Protein chains: 2
Amino acid sequence: MTIEGFFTVWNQLDDNDRETLENSAFRQTISKGTVLHNGSQDCTGLICVISGQLRAYILSADGREITLYRLLERDICLFSASCMMRSIQFDITIEAEKESEIYMIPVEVYQSVMMKSAPLANFTNSIMASRFTDVMWLIEQIMWKRFDQRLAAFLVEESALEGSGSIKITHEKIAAHLGTAREVVTRMLKYFQSEGFVKLTRGSIEIIDEKALSAFGE
Amino acid sequence: MTIEGFFTVWNQLDDNDRETLENSAFRQTISKGTVLHNGSQDCTGLICVISGQLRAYILSADGREITLYRLLERDICLFSASCMMRSIQFDITIEAEKESEIYMIPVEVYQSVMMKSAPLANFTNSIMASRFTDVMWLIEQIMWKRFDQRLAAFLVEESALEGSGSIKITHEKIAAHLGTAREVVTRMLKYFQSEGFVKLTRGSIEIIDEKALSAFGE
């Protein structure tokens with residue numbers, strides 16, 4: 001996948017700008033578990049995901065987490081370049097959940113093109129709007145959904161991301177995704193098991209009745 | 001206040017664009033309680049707040065609310081023009097909390113200038129980033145703060161907005177701001193009263209010990 005594949009406005013950029021972006025982007029392989037970006041002080045650059053899976057999350061002062069969204073193939077991570085916008089005043093951590101191939105575009109380069117190119121600025125706007133939509137979805141989940149519904153929806157989503165009915169994940173990790181305590185997750189998973197939705201084994205959760213679980217998560 | 005006062009990039013716009021924006025903006029007085037914008041289907045326009053106070057909130061299917069942020073003098077409301085960006089896929093309601101003077105810029109006009117002007121597109125980006133920051137702050141409040149802390153912070157903020165130590169608001173209304181039930185608010189306010197932070201009277205809450213309340217809300 002080339003760098004232009006990430007930018008739907010590529011044809012609207014002028015030759016110079018295209019060349020600048022192409023020449024500055026460097027391809028990297030990120031191993032699973034690597035923290036790519038950590039808070040607003042950290043000016044990593046614009047990340048274009050060629051393959052793999054990144055997770056964006058926030059951390060509380062006492063180390064609790066909640067997952068904001070995932071970045072998959074063809075996604076662009078804007079907040080790893082948040083230092084280019086003074087109005088972004090929050091800290092997001094980006095971590096590779098799977099081994100990932102990325103292009104990294106340095107902040108100064110991207111910013112210099114964006115400041116004079118209306119198509120790139122508007123494209124950047126649309127990326128931010130997409131992330132905003134993800135985060136608004138999260139607020140609605142937190143505010144209006146019961147925890148059991150959120151957990152059911154999470155399991156269905158994980159299973160889709162892994163392409164498998166068996167999800168290798170600890171209860172601790174699920175708690176971090178959903179911003180709750182491990183005990184709460186364990187209790188609810190046991191309830192799901194008693195209902196025949198899932199089967200719990202050491203280190204993994206097998207989905208037995210995906211249809212019922214999906215319906216439950218809605 | 002003129003329309004150019006809202007746009008820090010005014011000097012970077014070309015004469016034509018300035019004229020287009022200026023001529024299209026119409027001044028309106030919005031009476032208290034008016035819903036200016038309701039969900040993504042509704043394409044109201046870009047709202048520039050000359051004076052007054054607007055509230056942006058979301059609604060659950062069963063009618064519960066939570067306040068996302070306030071728009072005050074000199075603020076620009078972008079999401080009332082959300083139809084100009086396909087990537088915005090969430091519904092926000094905007095309501096006048098006080099009688100407000102606004103400029104409304106029609107969506108087509110604003111969009112036509114933004115699509116070709118890099119300065120305006122980047123400025124729009126910075127507005128969205130500010131709202132994103134507001135919403136991330138809200139998530140952190142909901143996730144990591146206890147309800148008593150959120151309520152204390154809310155009372156301090158309301159008192160500052162009203163410029164008065166006496167806040168005229170019902171418990172029902174506070175519950176809608178904070179996305180909880182009236183009973184929860186009433187119970188906590190009674191606790192605050194017992195601690196000597198506030199004094200409750202019919203239809204209003206008087207802040208007795210602002211310092212203690214502020215410290216509590218941190």
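Conventions used here
- Residues numbered from 1 in each chain as written.
- Chains lettered and ligands numbered in written order.
- Predicted model: local features only at pLDDT ≥ 70, side-chain atom pairs only at ≥ 80, totals over all residues.
- Heavy atoms only, no water.
- Domains from an automatic or database assignment.
- Contact = heavy atoms within 4.5 Å.
- Salt bridge = Lys/Arg side-chain N within 4 Å of Asp/Glu carboxyl O.
- Polar contact = N/O pair within 3.5 Å; in protein donor to acceptor, adjacent residues only side chain to side chain.
- Helix = DSSP H or I, 4+ residues; strand = E, 2+ residues; numbered from the N terminus.
- Nonpolar A, V, L, I, M, F, W, Y, C, P; charged D, E, K, R; others polar.
- Core = buried A, V, L, I, M, F, W, Y, C linked by side-chain atoms within 4.5 Å.
- Buried < 20%, exposed > 50% of the residue type's maximum accessible area, 1.4 Å probe, protein only.
- Buried area = accessible area lost by both parts, 1.4 Å probe.
- Pairing = 2+ DSSP bridges.
- Axes fitted to C-alpha atoms, helices over the stretch in contact; angles between N-to-C directions.
- 1 Å grid on protein atoms, 1.4 Å probe; cavity = no way out; pocket = protein on both sides within 12 Å on 5 of 7 lines; lining within 4 Å.
- Points joined across faces, edges and corners; volume = space filled by probe spheres on them.

## Considering the domain arrangement of chain A
Many authors give the size of an interface as the accessible area that is lost as the parts come together.
Residues and elements named next belong to chain A.
Consideration 1: Parsing chain A into structural domains produces domain 1 (9-138) and domain 2 (145-217).
Consideration 2: Across the contact, 10 residues belong to domain 1 and 11 residues belong to domain 2.
Consideration 3: In this structure, the connection of domain 1 to domain 2 is made through 3 salt bridges.
Consideration 4: The residue Arg70 makes a salt bridge to Glu157 at a minimum N-O spacing of 3.7 Å.
Consideration 5: Our enumeration of links across domain 1 and domain 2 arrives at 4 residue pairs in polar contact (both at pLDDT 80 or more).
Consideration 6: When residues of the side of domain 1 that touches domain 2 are traced back to their parent elements, those giving at least two are strand E4 (53-59) and strand E5 (65-72).
Consideration 7: In terms of residues, the side of domain 1 that touches domain 2 owes the most to one element, E5, which gives 5 residues.
Consideration 8: Of the residues belonging to the side of domain 1 that touches domain 2, the class tally is 2 nonpolar, 2 polar and 6 charged.

## Concerning the nonpolar core
Consideration 1: Grouped together as the largest cluster of nonpolar side chains are 114 residues, with contacts concentrated most on Phe7 of chain A together with Phe7 of chain B.
Consideration 2: What Phe7 of chain A contacts, discounting residues up to four positions off in sequence, is Leu46, Ile76, Ile105, Tyr110, Leu120 and Phe123 of chain A.

## Some thoughts on the pattern of salt bridges
Residues and elements named next belong to chain B.
Consideration 1: The tally for this structure, following the rule as stated, stands at 28 salt bridges over all chains.
Consideration 2: For Glu162, the salt bridge identified is with Lys98, shortest N-O distance 3.9 Å. Of this pair, Glu162 sits in helix H4 (residues 147-162) while Lys98 sits in the loop between strand E7 (93-96) and strand E8 (100-105), and the two are 64 residues apart along the sequence.
Consideration 3: Relative accessible area serves as the criterion here: at 27%, Lys98 is assigned to the partly exposed category.

## So, the interface of chain A and chain B
Consideration 1: Taken together, the contact between chain A and chain B spans 39 residues of the former and 39 residues of the latter.
Consideration 2: For the pair chain A and chain B, the summed buried surface comes to about 3400 Å²; carbon and sulfur atoms form 74% of the total.
Consideration 3: Taken together, the connections running from chain A to chain B amount to 0 salt bridges.
Consideration 4: At the surface where chain A touches chain B, the tally comes to 10 residue pairs in polar contact (both at pLDDT 80 or more).
Consideration 5: Breaking the side of chain A that touches chain B down by element, the ones donating at least two residues are E4, E5, helix H2 (107-116) and helix H3 (118-144) of chain A.
Consideration 6: In terms of residue count, H3 of chain A provides more of the side of chain A that touches chain B than any other element does, 20 residues in total.
Consideration 7: Residues of the side of chain A that touches chain B, tallied by class, amount to 23 nonpolar, 11 polar and 5 charged.

## Section: the sheet that holds E5 of chain A
All names here are of chain A.
Consideration 1: In space, the 4 strands of this open sheet follow the order E2-E7-E4-E5, with antiparallel pairing throughout. One side of each edge strand has no neighbouring strand; the edge strands of this open sheet are strand E2 (35-38) and E5. Neighbour to neighbour, the strand axes of the sheet diverge by 20 degrees on average, direction disregarded.
Consideration 2: Alignment of E2 against strand E7 (residues 93-96), held across 3 bridges, turns out to be antiparallel. In the strand pairing of E7, Val35 is matched with Glu95.
Consideration 3: Helix H4 (residues 147-162) contacts E4 and E5 of the sheet and is inclined by roughly 30 degrees relative to E5.

## A word on the layout of surface pockets
Consideration 1: Its volume calculated, the largest pocket comes out at about 630 Å³.
Consideration 2: Lining the largest pocket are 23 residues, with Ser87 of chain A together with Thr8, Phe123, Ser126 and Ile127 of chain B sitting closest to its centre.
Consideration 3: In terms of residue count, helix H3 (residues 118-144) of chain B provides more of the lining of the largest pocket than any other element does, 8 residues in total.
Consideration 4: Its residues assigned to classes, the lining of the largest pocket comprises 11 nonpolar, 7 polar and 5 charged.

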